[in-house]
Amino acid sequence: MQVFAGGADVAEGAVAAAVGQRPVAAEPVEPDPDDESEQPPTPARHYSTGRLTATQARVLSSWRRQLTVIDRRWNTRDGRPAASSSDCLAAAVTDLLDRAEPTHLELIRYGDRIRRTMTATRGRAAPAVSVASFYLPAGYADRLDALLDDARNHHRELLDDDRDRALAELGVPSKAYKLPAGTLARLAIDRWARRSPTAVIAAAVDYAGYHHTQAHRARADMGIAEHHTP
């Protein structure tokens, strides 16, 4: 019997047909759960900074302006960096998690300070960049969420164990508020505030090159305080 090219399944089917049997379907191959190459990629998670202070807004605006500066060292067609405002924020946040992860107490106090600042400035004109958004890879997103949840739980434990000491000596709020992701994002902005915009963009390009390949540009919804007419 002549068997044409087409693989073992075709040959077996031809044999089955010759003897009057139905071809037997091949057993489906189950994916190996331990083989990461077979797993679908986990999408990045979206976050918001929450309302920024005027100082933080100016910092973010300086980063976004730098994204529009043409510099041939980026080796792109138009000379602009292959990164976005989201990448700048994500680079700052991941660097904070990797190099200077705050303690639970630091997060509790910082969150309270930001909350008080926002309350004190309520009703005043907000900066043009009042809120910015960014994305984090799943692994970093899990770390961020866990850190904020653990900080809130630690706050509750401090109040339950010795409320008077927690309020008087440790300086924590009397209520264990939920800490939004923007708490860590704003802390990351403050930490990078003294970096030159050029250094921030270089870090954002490195971050973007490692975590994704899609080219990005400065996005209007991620904010810039001053708008310039070309």
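Above this text is the structure in question.
Rules used throughout
- Residues numbered from 1 in each chain as written.
- Predicted model: local features only at pLDDT ≥ 70, side-chain atom pairs only at ≥ 80, totals over all residues.
- Heavy atoms only, no water.
- Helix = DSSP H or I, 4+ residues; strand = E, 2+ residues; numbered from the N terminus.
- Buried < 20%, exposed > 50% of the residue type's maximum accessible area, 1.4 Å probe, protein only.
- Contact = heavy atoms within 4.5 Å.
- Phe/Tyr/Trp six-rings, centres within 6.5 Å; stacked < 30°, edge-to-face > 60°.
- Lys NZ or Arg CZ within 6 Å of the ring centre and 35° of its normal.
- Salt bridge = Lys/Arg side-chain N within 4 Å of Asp/Glu carboxyl O.

1. Details of the environment of His211
Turning to step 1, where the next piece is worked out: Among the secondary structure elements, His211 is positioned in helix α8 (residues 197–211).
Turning to step 2, where the next piece is worked out: On the accessibility criterion, His211 (30% relative accessible area) is partly exposed.
Turning to step 3, where the next piece is worked out: Each residue touching His211, except ones within four places of it in the same chain, is listed here: Pro137 and Tyr140.

2. So, the packing of aromatic side chains
Turning to step 1, where the next piece is worked out: Taken as a whole and judged by the stated rule, the model has two aromatic pairs.
Turning to step 2, where the next piece is worked out: Centroid distance Trp63 to Trp192: 6.4 Å. Interplanar angle 70 degrees. Geometry classified as edge-to-face. Of this pair, Trp63 sits in helix α2 (residues 54–67) while Trp192 is found in the loop between α7 (181–191) and α8, placing the two residues 129 residues apart along the sequence.
Turning to step 3, where the next piece is worked out: Taking relative accessible area as the criterion, Trp192 reaches 2% and is therefore assigned buried.
Turning to step 4, where the next piece is worked out: Positioned above the aromatic ring of Trp74, the side-chain terminus of Arg73 is 4.7 Å from the ring centre.

3. Concerning the environment of His46
Turning to step 1, where the next piece is worked out: Mapped onto the elements, His46 comes out in strand β1 (residues 45–48).
Turning to step 2, where the next piece is worked out: Note on His46: relative accessible area 43%, which makes it partly exposed.
Turning to step 3, where the next piece is worked out: Along the chain, His46 and Phe134 lie 88 residues apart, while their C-alpha atoms are 5.9 Å from each other.
Turning to step 4, where the next piece is worked out: Look past the residues within four positions of His46 in its chain and what remains in contact with it is Ser133, Phe134 and Tyr135.

4. Some words on the pattern of salt bridges
Oppositely charged side chains can form a pair if their charged atoms are brought close together.
Turning to step 1, where the next piece is worked out: Here the structure, examined in full by the defined rule, presents eleven salt bridges.
Turning to step 2, where the next piece is worked out: Note that Asp71 and Arg73 form a salt bridge whose closest N and O atoms lie 2.9 Å from each other.
Turning to step 3, where the next piece is worked out: Judged by relative accessible area, which is 26%, Asp71 ranks as partly exposed.
Turning to step 4, where the next piece is worked out: Glu169 is paired through a salt bridge with Arg165; the nearest N and O atoms lie 3.4 Å apart.
Turning to step 5, where the next piece is worked out: Judged by its relative accessible area of 58%, Glu169 is exposed.

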